[in-house]
Amino acid sequence: MTESIQHIMNEIRAKALEIHSELVQERNKNQVLQAQILEKEERLQAAKQLENERLAVIDQLKLDLEVAKNQVVEVSVPQIGRNEEQIDELVKEIEYCIGQLKK
């Protein structure tokens, strides 16, 4: 009977060691998964921060656009006849310069 008790105790010891080994493996897996979760949470926070910054920029641009729409811009249109006169004067001056260079 002592021999059978010893055999049973050895089996129990072997199963306990096997269970302990599995427990260690599961703890290691758990640590890896916890590290991955932490990394994902950090990346999520960074993405949320970036999103908030971009939303703030968008809001500012919208505000600037509204301000620009509300401002009155006066543009003076040059007189066409005057431009033609200036062009004619420039053409005459260029022709004079070419004539001088040919001499």
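Calculation rules
- By convention here, each chain's residues receive numbers from 1 onward along its written sequence.
- Local features in a predicted model are, by the rule used here, given only for residues with pLDDT of at least 70; side-chain atom pairs are given and counted only at 80 or more, and totals for whole chains, interfaces and linings are based on all residues.
- Computation of side-chain values covers all heavy atoms of the structure but excludes hydrogens and water.
- The helix and strand labels rest on DSSP assignments: H or I over at least four residues marks a helix, E over at least two residues marks a strand, and numbering proceeds from the N terminus.
- Between buried and exposed lies partly exposed: a residue is buried under 20% and exposed over 50% of the maximum accessible area for its type, with that area taken using a 1.4 Å probe on protein chains only.
- Each accessible area is a Shrake-Rupley estimate made with a 1.4 Å probe; only the visible protein chains count as cover when residues are assessed.
- We count a salt bridge whenever a side-chain nitrogen from Lys or Arg sits within 4 Å of a carboxyl oxygen from Asp or Glu.
- Patch membership needs two things, relative accessible area over 30% and no salt bridge, and members are linked within 9 Å if like-charged or within 5 Å if nonpolar (Val, Leu, Ile, Met, Phe, Trp, Tyr).
- Positive residues here are Lys and Arg, negative ones are Asp and Glu, while His and the chain termini are left out of the count.
- Positions of charges follow a simple convention, taking NZ of Lys, CZ of Arg, CG of Asp or CD of Glu.

### Let's talk about the overall build of the protein
For the protein, the count of helices and strands is two helices and zero strands. Classification of the 103 residues of the protein by burial places 0% in the buried group. Element-wise, carbon and sulfur atoms account for 58% of the exposed surface of the protein, whose accessible area totals about 10400 Å².

### Digging into the pattern of salt bridges
Note on pairing: side chains with opposite charge can pair once their charged atoms come close. Considering all chains together, one arrives at one salt bridge under this definition. We note a salt bridge from E26 to K29, for which the minimum N-O separation is 3.5 Å. Within this pair, E26 and its partner K29 are both found in helix α1 (residues 2-70), separated by three residues, close to a single helical turn. A relative accessible area of 49% means that K29 is categorised as partly exposed.

### Digging into a negative patch on the surface
Among the surface-exposed residues, E84, E85, D88, E89 and E93 lie close enough to one another that they form a single negatively charged patch. Assignment of secondary structure puts E93 in helix α2 (residues 80-102).

### Things to note about a nonpolar patch on the surface
On the surface, a nonpolar cluster with roughly 290 Å² of combined accessible area is contributed by L90, I94 and I98. By secondary structure assignment, the location of I98 is in helix α2. Look at I98 and you get partly exposed, because its relative accessible area is 43%.

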